[in-house]
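Given next are the chains, with one letter for each unit.
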Amino acid sequence: MSLSFDYLIVGGGLSLALTAYLLWGGAGLTSAQLQAQLPALILLSNSAHFAASTVRLYSRQDAFLSFPFLTLVLPIVSIAVLSAAIFDPGTLGRNLQALYLSWSPYHYAAQAYGLTLMYAYRSGSTFGATERLWLRLSCLCPFLFAFVSASEAGLGWLAPAWLLSVPIVEGARTAAATGLKALSFLLPAGLFLWLLRGPRPRLPLLSLLIMVANGIWWITLAYMEAFVWATIFHGLQYLAVAIIFHVRERLQAPGDTTPWWGHALRFYLASLALGFLLFQVWPYGYVLLGFTLAQSVLLVAAVINIHHFIVDAYIWRLRRDPNLGVVTAAAAAGA
Amino acid sequence: MAATPPLEGAVRQYPMCERPLERVAFLAGLVVFGASLVGGLVLLVVNGQPPGLAPDPLRHARASLRSGQTRAAILEYQAAAAIAPEFNALVELAFAHSQVGNALGESDACARALSLRPDTPGLRLGHGWALAKQGRLDEAAASFQEGLTLEPGHPMGHAGLGQVRLAQHQVNLAIASLTRAAELAPDNVSVRSNLGQAFLLGGRNREAVEQLETAYRLAPGPERLTSLRWAQQTEDAALAALAEAPPRVAASGRAR
């Protein structure tokens, strides 16, 4: 991986540049040209990234044996939940949607934490339990902010409306959201500086960038009602990492003669095709049965998201996993 | 070159997987998912409708609205709003309801949209109109006033408030609001027309004739002509009565 690729794509540097452009570029945000590219970018990045976790899961050599529930049972369970929600959109559907919206910032935070640790490993830093706890907290702040402040998800979904409208609760919620907003940037910066002092393992600048980018996505872009861009950059970050892992694994396989770009291209095209089928064609299966496109699209997207979150929770584990081999091999190569 | 398809690992592993129940579940999932995809593709082909690039839950709703199938659009918007009550979907739902004359549905959708973004003056005014159509005049007046607090120079806010005041027979308040609306939107026919009616009700016949003449000039039509003639006749009758009145009464009448 080149340095610029790491900083711009995986670290989220591009998203920071875009955020600055949106903030200070005047008419940029609403320009028709930029908006007109959104559907294509969503397909190429966001839709493909959801499918990439499935492609990664089923392309692993040990997929069915290591993850029998995930590979064999979760698909039919997901379809059953989706069908039930489409039958009852007002109750089940709405709750499924709220679950996905509540889980989503956690998924982003977990990805930021995983990447932060991965780059720390690669740079030779091994953190103890205390450092890892602070790192996790730093990454979780944007999630906690989204959880506390969301109206249709998180607290807005789980807590009764009457309770949230009690002035003292309302005030506490606003204060917590403000505090978490600030902590989303202060904690990573503080942690970075703290680790610079004394004989402690260093936090790479790229790890700091990953944490700050996640904060920018959930706070600044959400505030600017431009969160769709965050999903594109998150997808780009995910695809980059998934492709790197996939290619490294394939290249380590004995007798493999395919060039790296062949593996990368095949993985990406499989993800792109599956993403297109999942998001753009699958909902019409339910429309054929007489349901509205609105409920089909919304709930298909919710179920794909939740499936993606669950699959990711398993396939990116480093301990006792082939993923660790990829990371440590990369670290050794980089050393 | 040894080709290594992305799914090769899993495909090779599957036959060796000794979990009969899980294998049945997997096959069932695969069949249902495959059938959904085939069904979806068939539907897209039959409808001659190319799939989009990004998921758009309001795609059918907007297409239906554009093609005049408003009731189909409402069903789509309602489904979207039931699952994910988003501002734009609710505003468009309100508009769709207004197209079929369902003022109750319109005001409900406006109220839900306003709960998401309370500081939207245009929507507050739209809510006011929807309430006024149902005869909920006090609520409508409150909604117009809230909208005008957010955007004091909105001509339709003053127009709506004036119309509601007129319906409530609060003539002086109606005249004040409609006069402000006419200042802000001098070429608005309904504002001129309503202001004319308000003046007429207030006994200010000459000003009523002026406003109704302006309305007729802006958009000639039989209804406005009738109103204008009626106002002119009222004004003439009033002038005639004044001419026959004792001098002191006539002087106070002209002063008005």
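Fair warning: this is a prediction, and the values are worked out from it, not measured in the lab.

J.: I would appreciate a short explanation of the overall build of chain B in the present structure.
T.: The helix and strand tally for chain B stands at 14 helices and 0 strands. The linear arrangement of helices and strands in chain B, starting from the amino end, is α-α-α-α-α-α-α-α-α-α-α-α-α-α. By the burial criterion, 37% of the 256 residues in chain B qualify as buried. For chain B, long-range pairs separated by at least 24 residues make up 36% of all intrachain contacts whose partners lie at least 6 apart in sequence.

J.: Looking at this structure, how should I read the overall build of chain A?
T.: Along chain A, the regular secondary structure elements total 16 helices and 0 strands. Taken over the C-alpha trace, chain A has a radius of gyration of 21 Å; the compact-globule value for 335 residues is 20 Å, and the two agree within 12%. In chain A, once contacts between residues fewer than 6 apart in sequence are set aside, the share between residues at least 24 apart is 75%.

J.: What is the right way to look at the nonpolar core in this model?
T.: Note that soluble globular proteins tend to have their nonpolar side chains buried in a common cluster. Residues Leu298(A), Leu299(A), Tyr77(B), Ala80(B), Leu93(B) and Leu178(B) are the most contacted members of the largest nonpolar core, which totals 150 residues. Apart from the residues lying within four places of it in its own chain, the contact partners of Leu93(B) are Ile74(B), Tyr77(B), Gln78(B), Ala81(B) and Ala109(B).

J.: Would you mind going over the environment of Val303(A) with me for this structure?
T.: Residues and elements named next belong to chain A. Relative to the elements of secondary structure, Val-303 occurs in helix α15 (residues 293-315). A count of 24 C-beta atoms within 10 Å places Val-303 in the buried class. Along the sequence, Val-303 and Leu-82 sit 221 residues apart, while their C-alpha atoms lie 6.2 Å from each other. Apart from residues lying up to four places away in sequence, Val-303 is in contact with Ser-78, Val-81 and Leu-82.

J.: Help me understand the interface of chain B and chain A in this model?
T.: By convention, interface size is frequently given as the accessible area that disappears when the constituent parts associate. If you look at the interface, chain B gives 46 residues, while chain A gives 54 residues. Those elements that place two or more of their residues in the side of chain B that touches chain A are α1 (8-13), α2 (20-47), α3 (59-66) and α4 (70-83) of chain B. No other element matches the 15 residues that α2(B) contributes to the side of chain B that touches chain A.

J.: So what exactly am I meant to see when it comes to helix α12 (residues 205-218) of chain B here?
T.: For an α-helix, the turn length of 3.6 residues means that residues three or four places apart are oriented alike. Along its 14 residues, α12(B) runs 20 Å from first to last C-alpha, staying within 8% of the 20 Å computed at 1.5 Å per residue. Looking only at α12(B), the buried set comprises Asn205(B), Ala208(B), Val209(B), Gln211(B), Leu212(B), Ala215(B) and Tyr216(B).

J.: Sorry, what's going on with the packing of helix α9 (residues 155-167) of chain B against helix α11 (residues 189-201) of chain B here?
T.: Each pair of packed helices can be described by the angle between their axes along with the distance between the axes. Residues and elements named next belong to chain B. One can describe the packing of α9 onto α11 by two numbers: an axis separation of 10 Å at closest approach and a directional angle of 30 degrees. Of the possible angle classes, the one that applies to α9 and α11 is roughly parallel. In terms of crossing hand, the pair formed by α9 and α11 is left-handed. Contact residues: Ala-159, Gly-162, Gln-163 and Leu-166 in α9; Val-191, Asn-194, Gln-197 and Ala-198 in α11. The residue inventory of the contact of α9 with α11, partitioned by class, reads 4 nonpolar, 4 polar and no charged.

J.: For this particular structure, what's the right way to read unusual backbone geometry?
T.: What is expected of a backbone is that most residues other than glycine have negative phi and most peptide bonds are trans. Despite not being glycine, His169(B) shows a phi value in the positive range, around 60 degrees. Note on placement: His169(B) falls in the loop between α9 and α10 (171-184).

J.: Would you mind showing me how to read the packing of helix α6 (residues 68-87) of chain A against α2(B) here?
T.: One can describe the packing of α6(A) onto α2(B) by two numbers: an axis separation of 8 Å at closest approach and a directional angle of 45 degrees. When the axis of α6(A) is compared with that of α2(B), the two are oblique. In terms of crossing hand, the pair formed by α6(A) and α2(B) is left-handed. Note on element contacts: α2(B) touches α6(A) through Glu22(B), Arg23(B), Ala25(B), Phe26(B), Ala28(B), Gly29(B), Val32(B) and Phe33(B), opposite Pro68(A), Leu72(A), Val73(A), Pro75(A), Ile76(A) and Ile79(A). Its residues assigned to classes, the contact of α6(A) with α2(B) comprises 11 nonpolar, 1 polar and 2 charged.

J.: Help me understand helix α12 (residues 205-223) of chain A in this model?
T.: Residue and element names in this part refer to chain A. The first and last C-alpha atoms of α12 sit 26 Å apart over 19 residues, in line with the 27 Å expected at 1.5 Å per residue. Bending of α12 peaks at approximately 35 degrees at the position of Ile-216. The element α12 is extensively covered by neighbouring structure, given that 16 of its 19 residues are classed as buried.

J.: How do you make sense of the confidence of the model for chain B when you look at a structure like this?
T.: Detail in the predicted coordinates should be disregarded across regions flagged by low pLDDT. Averaged over all residues, the pLDDT of chain B is 86; the fraction at 70 or higher stands at 86%. Here helix α14 (residues 247-255) of chain B stands out as the element of chain B with the lowest mean pLDDT, 50, in contrast to α4(B), whose mean of 96 is the highest.

J.: Explain the environment of Thr91(A) to me, please; I cannot follow it from the model alone.
T.: Residue and element names in this part refer to chain A. The topology assignment puts Thr-91 in helix α7 (residues 89-122). A count of 10 C-beta atoms within 10 Å places Thr-91 in the exposed class. Measuring from C-alpha to C-alpha, the distance between Thr-91 and Leu-289 comes to 20 Å, with 198 residues separating the pair along the chain.

Basis of the calculations
Residues numbered from 1 in each chain as written. Chains lettered and ligands numbered in written order. Predicted model: local features only at pLDDT ≥ 70, side-chain atom pairs only at ≥ 80, totals over all residues. Helix = DSSP H or I, 4+ residues; strand = E, 2+ residues; numbered from the N terminus. Buried ≥ 20, exposed ≤ 12 C-beta atoms within 10 Å, placed from the backbone. Contact = placed C-beta atoms within 7 Å. Rg over C-alpha atoms; globule rule 2.2 N^0.38 Å. Core = buried A, V, L, I, M, F, W, Y, C linked by C-beta atoms within 7 Å. Expected span 1.5 Å × (residues − 1). Axes fitted to C-alpha atoms, helices over the stretch in contact; angles between N-to-C directions. Parallel < 35°, antiparallel > 145°, perpendicular 65-115°, else oblique. Left-handed = near helix turned anticlockwise from the far one by under 90°. Nonpolar A, V, L, I, M, F, W, Y, C, P; charged D, E, K, R; others polar. Bend = angle between axes of the 7 residues up to and from the residue. pLDDT = per-residue confidence, 0-100.

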